[in-house]
Amino acid sequence: MAIAEQNGTFSVAGDPNHPANQGRLCVKGSALAETLDLDGRLLHPQLDGQNVGWSQALDAVAERFSRIIAQHGPQAVAFYASGQLLTEDYYVANKLMKGYIGAANIDTNSRLCMASAVVGYKRAFGGDAVPCSYQDIELADLVILCGSNTAWAHPVAYQRLSAARRRRPQMKVVVIDPRETATCDGADLHLPLRPGSDAALFNGALHWLAQQQRLDQDFLQRHTLGASATLAAAASWTPARVAEFCGLPLNAVMAFYRLLAGTENWLTLYSMGINQSSSGADKCNAIINLHLAGGRIGKPGCGPFSITGQPNAMGGREVGGLANQLAAHMGFSAADTDRLQRFWRSPQMARQPGLNAVALFRAVAAGQVKAVWIMGTNPVVSLPDADVVRQALKDCPLVVVSDVMAATDTAALAHIRLPALAWGEKEGSVSNSERCISRQRAFLPAPGEAKADWWIISQVAARMGFADAFAYQHPADIFCEHAALSGFENHGSRAFDISGLAAYSRQQWYQMPPMQWPINRQHPQGCRRLFADGRFLHADGKARLLPITPRLPHSAPSAQYPLVLNTGRIRDQWHTMTRTGKAARLMRHISEPFCEIHPQDAVPLGIDDGHLVRLSSPHGWMIARAQLSAGQRRGSLFVPMHWNAQFTAQGRVDSLIPPVVDADSGQPESKHAPVRVSRWHSRWQAEIFLRHAAAPPRGVYWSRVTQQSVNHFIMAGQQQIDDWPAWLQQHFGLDGLTLQIAELAQRGFHAIGWRQGEVQLAFYSRRYAPTLDRSAILAAFDHAPHTGPQRLALLGGRSAPGQTAPGATVCSCFGVGENRIIAAIRQGCHSAATLGEQLQCGTNCGSCLPELKKLIQQHATQRVA
Ligand SMILES: Nc1nc2c(c(=O)[nH]1)N[C@H]1C(S)=C(S)[C@@H](COP(=O)(O)OP(=O)(O)OC[C@H]3O[C@@H](n4cnc5c(=O)[nH]c(N)nc54)[C@H](O)[C@@H]3O)O[C@H]1N2
Ligand SMILES: Nc1nc2c(c(=O)[nH]1)N[C@H]1C(S)=C(S)[C@@H](COP(=O)(O)OP(=O)(O)OC[C@H]3O[C@@H](n4cnc5c(=O)[nH]c(N)nc54)[C@H](O)[C@@H]3O)O[C@H]1N2
Ligand SMILES: [Mo]
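All values reported here derive from a predicted model rather than from experimental measurement. (Residues numbered from 1 in each chain as written. Chains lettered and ligands numbered in written order. Predicted model: local features only at pLDDT ≥ 70, side-chain atom pairs only at ≥ 80, totals over all residues. Heavy atoms only, no water.)

A. A look at the overall build of the protein chain. Along the backbone of the protein chain there are 30 helices and 33 strands. Radius of gyration (C-alpha) of the protein chain: 27 Å, near the 29 Å computed for a compact globule of 865 residues. In terms of its C-alpha atoms, the protein chain occupies a principal-axis envelope of roughly 85 × 70 × 60 Å. The long-range share in the protein chain, meaning contacts at least 24 apart out of those at least 6 apart in sequence, stands at 71%. (Helix = DSSP H or I, 4+ residues; strand = E, 2+ residues; numbered from the N terminus. Rg over C-alpha atoms; globule rule 2.2 N^0.38 Å. Contact = heavy atoms within 4.5 Å.)

B. Fine view of the domain arrangement of the protein chain. What the domain assignment lists for the protein chain is domain 1 (1-36), domain 2 (44-109 + 312-468), domain 3 (114-306), domain 4 (563-679), domain 5 (684-796) and domain 6 (809-860). In this complex, domain 4 contributes 18 residues to the contact, which on the side of domain 5 involves 15 residues. Overall, the association of domain 4 and domain 5 removes approximately 1300 Å² of surface from exposure, summing both partners, and the carbon and sulfur fraction of that is 53%. Our count for the domain 4 to domain 5 interface comes out at 0 salt bridges. Summed over the shared surface of domain 4 and domain 5, the result is 9 residue pairs in polar contact (both at pLDDT 80 or more). Listing elements by their share of the side of domain 4 that touches domain 5, those giving two or more residues are helix H23 (584-587) and strand S23 (621-628). (Domains from an automatic or database assignment. Buried area = accessible area lost by both parts, 1.4 Å probe. Salt bridge = Lys/Arg side-chain N within 4 Å of Asp/Glu carboxyl O. Polar contact = N/O pair within 3.5 Å; in protein donor to acceptor, adjacent residues only side chain to side chain.)

C. Here's a closer look at the sheet that holds strand S4 (residues 50-51). One open sheet accounts for 7 strands, arranged S4-S3-S15-S14-S13-S5-S6; its pairing is mixed. Each of the sheet's edge strands pairs with one partner strand only, and the pair in question is S4 and strand S6 (106-108). (Pairing = 2+ DSSP bridges.)

D. Looking closely at the site of ligand 2. For ligand 2, the set of nearby residues contains 30 residues, the closest of which are Asn109, Ser382, Asp403, Lys426 and Thr576. Within the side chain of Thr567, an N or O atom sits 2.8 Å from a nitrogen atom of ligand 2. One of the side-chain nitrogen or oxygen atoms of Arg569 is found 3.1 Å away from a nitrogen atom of ligand 2. Grouping the amino acids of the shell around ligand 2 by side-chain chemistry returns 9 nonpolar, 15 polar and 6 charged. Both domains that meet at the shell around ligand 2, namely domain 2 (44-109 + 312-468) and domain 4 (563-679), each give it at least three residues. (Near = heavy atom within 4 Å. Nonpolar A, V, L, I, M, F, W, Y, C, P; charged D, E, K, R; others polar.)

E. Examining the pairing of strand S20 (residues 563-568) more closely. Most of S20 sits inside the fold, with 6 of its 6 residues counted as buried. Where burial is concerned, the two faces of S20 agree: the one with Leu563, Leu565 and Thr567 and the one with Val564, Asn566 and Gly568 are both buried. As paired elements, S20 and strand S25 (residues 673-679) share 3 bridges and run antiparallel to each other. By the bridge assignment, Leu565 is partnered in S25 with Ala673. Bridge analysis of S20 against strand S24 (residues 636-640) gives 5 bridges, and the strand direction is parallel. What sits directly across from Thr567, in S24, is Val639. (Buried < 20%, exposed > 50% of the residue type's maximum accessible area, 1.4 Å probe, protein only.)

F. Representation of the packing of aromatic side chains within the structure. Applying the stated criterion across every chain, the model contains 35 aromatic pairs. Ring centres of Trp684 and Trp724 lie 5.1 Å apart, and the angle between their planes is 90°; this geometry places the pair in the edge-to-face category. Of the two residues, Trp684 sits in strand S26 (residues 684-690) while Trp724 sits in helix H25 (residues 724-732), which places them 40 residues apart along the sequence. Assigned by exposure class, Trp684 and Trp724 land together as buried. An aromatic cluster of three or more residues is present, and its members are Trp684, Trp724, Trp727, Phe732, Phe749 and Phe763. Arg241 extends its terminal NZ or CZ atom over the ring of Trp237, reaching a point 3.7 Å from the ring centre. Just above the ring of Trp509 sits the side chain of Arg439; from NZ or CZ to the centre is 3.9 Å. (Phe/Tyr/Trp six-rings, centres within 6.5 Å; stacked < 30°, edge-to-face > 60°. Lys NZ or Arg CZ within 6 Å of the ring centre and 35° of its normal.)

G. The arrangement of the packing of helix H8 (residues 198-211) against helix H12 (residues 250-262) in detail. Running from amino to carboxyl end, H8 crosses H12 at an angle of 55°, the nearest separation of the two axes being 10 Å. For the element pair H8 / H12, the angle class is oblique. Relative to H12, the crossing made by H8 is right-handed. Facing H8, whose interface residues are Ala200, Leu201, Phe202, Gly204, Ala205, Trp208 and Leu209, H12 presents Val253, Met254, Phe256, Tyr257, Arg258, Leu260 and Ala261. Residue classes in the contact of H8 with H12 are distributed as 12 nonpolar, 1 polar and 1 charged. (Axes fitted to C-alpha atoms, helices over the stretch in contact; angles between N-to-C directions. Parallel < 35°, antiparallel > 145°, perpendicular 65-115°, else oblique. Left-handed = near helix turned anticlockwise from the far one by under 90°.)

H. Expanded view of the pattern of salt bridges. Within this structure, the stated rule accounts for 32 salt bridges. With a shortest N-O distance of 2.8 Å, Asp107 and Arg111 are connected by a salt bridge. A salt bridge links Arg439 to Glu427, with the shortest nitrogen-to-oxygen separation between them at 2.6 Å. Of this pair, Arg439 sits in strand S17 (residues 436-440) while Glu427 is found in the loop between strand S15 (416-419) and strand S16 (428-431), placing the two residues 12 residues apart along the sequence. One exposure class covers both Arg439 and Glu427, and it is buried. Connected via shared salt-bridge partners are Asp336, Asp338, Arg339, Arg342 and Glu489.

I. The arrangement of the sheet that holds strand S18 (residues 515-516) in detail. Spatially, the 3 strands line up as an open sheet ordered S16-S17-S18, and their pairing is antiparallel. Unpaired on one side and paired on the other, S16 and S18 mark the two borders of the sheet. As paired strands, S17 and S18 are joined by 2 bridges and run antiparallel to one another. Within the sheet, the bridge partner assigned to Cys436 lies in S18 and is Gln516.

J. Spatial organisation of the nonpolar core. Counting residues in each nonpolar core, the largest one holds 172 residues, and the members touching the most others are Leu201, Phe256 and Trp373. Take this core: its biggest share by element is 9 residues, from helix H2 (residues 54-72). In this view, Trp373 contacts Val61, Phe65, Ala78, Phe79, Tyr80, Val400, Ser402, Leu418, Ile456, Ile457 and Val460; residues no more than four positions away in its chain are not counted. (Core = buried A, V, L, I, M, F, W, Y, C linked by side-chain atoms within 4.5 Å.)

K. Looking closely at the packing of helix H11 (residues 239-246) against H12. Look at H11 against H12: their axes get within 9 Å of each other, and the N-to-C directions meet at 120°. Judged on the interaxial angle alone, H12 and H11 are oblique. H11 and H12 meet at a crossing whose hand is right-handed. Here Pro239, Ala240, Val242 and Ala243 of H11 lie close against H12, whose contacting residues are Leu250, Val253, Met254 and Tyr257.

L. Highlighting the environment of Leu139. One can find Leu139 in helix H5 (residues 135-139). In the structure, Leu139 is positioned 32 residues away from Met171 in sequence and 9.1 Å away in space, judged by C-alpha atoms. Apart from residues lying up to four places away in sequence, Leu139 is in contact with Arg168, Asn265, Pro300, Gly301 and Arg529.

M. Structural context of unusual backbone geometry. Omega for the peptide link from Trp517 to Pro518 comes to 0°, which places this bond in the cis form. Relative to the helices and strands, Pro518 resides in the loop between S18 and strand S19 (543-544). A positive phi angle, near 50°, is found at Glu489, a position not held by glycine. The topology assignment puts Glu489 in the loop between helix H21 (475-487) and helix H22 (506-510).

N. Molecular detail of the site of ligand 1. The full set close to ligand 1 counts 33 residues, and Asp177, Gly196, Ser271, Arg569 and Gln573 are the nearest of them. Interatomic distance of 2.8 Å between a backbone N/O atom of Asn149 and an oxygen atom of ligand 1. One of the backbone N or O atoms of Gly196 is found 2.6 Å from an oxygen atom in ligand 1. Its free accessible area being 910 Å², ligand 1 has 99% of it covered by the protein chains. Taken together, the residues of the shell around ligand 1 break down into 10 nonpolar, 15 polar and 8 charged. Each of domain 3 (114-306) and domain 4 (563-679) gives at least three residues to the shell around ligand 1. (Areas by Shrake-Rupley, 256 points an atom, 1.4 Å probe, with all protein chains shown as cover.)

O. Summary view of the environment of Gln46. Counting through the fold element by element, Gln46 comes out in strand S3 (residues 46-47). Separated by 11 residues in the primary sequence, Gln46 and Ala57 place their C-alpha atoms 6.9 Å from one another. Sequence-distant contacts of Gln46, that is, excluding residues within four places in its chain, are made with Asn51, Val52, His415, Ile416 and Arg417. Within the local environment of Gln46, its side chain forms a polar contact with the side chain of Asn51, the two groups lying 3.2 Å apart.

Set out below in structure tokens:
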């Protein structure tokens, strides 16, 4: 929730009464207030590069779409939407495409996120229904975190887990992830398995527990089908074979299996390490099989719990936000399409599934799809084979983008840009991983001419001739229609039923408290846990176990591409950085794209910590800075997914990822791409800080580090520069500046540009990456140094004599730097709690706690009595 400050700004705090987060926020949430300014926002509709009024822009979208449909049919157009839209926005987009344009070509970025989880649930339960609640984290005896870096990606849930373990120390935590992550900190067991081999581990567990007679035969018999075939398929997965296949020590595998046998309530939280795989759906079912066979489902503290990432990925599932499903958990059966057509009074109903995300952009590339409207997602950065996606959009006759930001890698290619309202400015609802529907409330005025996504879509629909069906005046009108549809001819056959909310007045909608669906006559206040009675959603009420044959990732490493590229998130950035990239304090944790590599893989390649490296696959290449880490699995690399072309020269990792998808779910294998890595040899490396805006030079490596009021770039070049002042003048402009220069050994060059006693520019170049005290340099832009020694220190890139630099930020919530933390540890703070008392670090979102503990381990010296 937002709190208005006296000076007209806002701060952001958690809502202590919300059941999901109980008042806690992650660091990105706490820093939201810093991203709310209008810097970089798209504030006006733009048509072919010109600002225009709304009616002209909306007419253009409607006319151009209608023309292409008239000429080439409805299959020639597509929408690509987002789990970051609100449910009301999402519902309208789906209705327009599937019910009125009459094609199902609307897919979303959630395809890259939880499509495999949806298939897993549907196959097992007969419906896309997450059985669990966040509360189960507190009630479990064994929590299995599988393919999830919970500490960084779901810090609020992780804090609930940590707090629960403090209360119940007997609780066990197992982390299954090829690399050692912050989530492994404090876990009882970490299984660094071979990438993609999870299904074997779970098959093996099933088989071993069966042999130990630890399965719930009664539950299997009464509530499931498929157990014998599934157990037969698992029977060859002896612990020894699992250990070999997964690349794990046998005793580690056995330790996991014994924990399963010895604990009552198991909860498996799984995320992108499971879903983003060419066998993602099968991996989900391997997990669900184990929970069904163990009878660990529908009970407190139990269940296979897929945790979604996007604010409204679940809402998207509810409104049918995937090309292969219809609204309110309906599919493409004749009965479902007919029912939806009657409810919507639709003139032309889509009868076949449409193109999923990867196929959709392939179809754009092939010229089959000639118009695409992209809403709330940045596919030029986030889709696999991203260079092909970029080219496809360049060649596409009509690209419309609705976004909150003006300059995203995708918006740059749009013919028509539509300014959307952002978080804090718009009203609507979202659903989270535990089926909990929450209201999002506006507390800021609409900036410029920005409008709600639902309004934009409805206006286009009206101009395409569908005014009656899209005559919504308010998001609550849409919500009630959505709620009514969920109950329409449902009779318990579809899990998603919020018919209890269909008659809400606007006032009731405004005040809607968080509630978990189903919300209907049977569960008027919602429902915490599904399947408690053992009844599932298949027509016969029984769940299905599915025989699973473990498969390794689609493309194996080869002599040419010997390493496996794994990708994912870092603690302080959100996706393609369009908003979190604006917050200086979030950039201080990690400020450049990096490539984690095991030291033993790095040495033979001549790569050392801090070197720039070039990664390449058959699809593309990128540059990042090497980070040697023994926690990385041998043969694997890890690169963050976040960096885009606004923040670095060549760092979109998805340009390397092959467009390989799971055949059942269509979800891309974003976690596994065979690549090659080598040193990117530079002649020089540099950092520049500027008071004025500047574009980075072409032909060099660069990364933009967001700072509050200074432009800051890290750079490196392969061409030798002989005349640095001339180079600086050419690329950054030195007019009117007095230069203070230092020439160093090995062609090092430092310069401070002064004007009227103020620092305007600071530049440091060396043969290798210069070691600088960035905070001292930044401070000099606010308070120019006066004395000779101070100015000399600035020219050297150091803090003035007698001052210590704070070092890299560890706690972003309170801006606490590494050096201050180390100093406090040396003075006797030997626990995260005492550090928190002294410096506040780690006391808000807690996602830096693993790093704090590591620093304590490194720097706490035994005090001599
Ligand atoms: N800070 C931050 N938090 C976020 C987001 C963000 O952008 N930034 N995004 C949100 C979104 S949309 C999502 S979907 C979630 C994602 O949340 P997570 O899924 O937790 O995040 P990732 O880092 O993508 O991947 C998780 C882990 O999967 C591991 N992995 C890779 N291959 C395998 C494998 O074969 N088997 C197993 N078992 N593990 C494997 C990776 O090493 C990685 O540590 O995060 C959400 N939260
Ligand atoms: N290699 C690799 N690739 C991945 C992943 C991975 O782990 N590895 N993860 C995948 C996953 S799980 C996900 S979820 C995707 C995320 O990938 P994207 O969806 O592409 O990432 P975002 O940066 O969240 O893009 C959201 C866009 O919507 C804009 N926006 C924000 N709010 C609004 C709004 O209210 N309305 C509108 N119209 N626009 C808005 C933002 O400015 C931004 O441009 O990336 C996927 N890609
Ligand atoms: Mo996601």
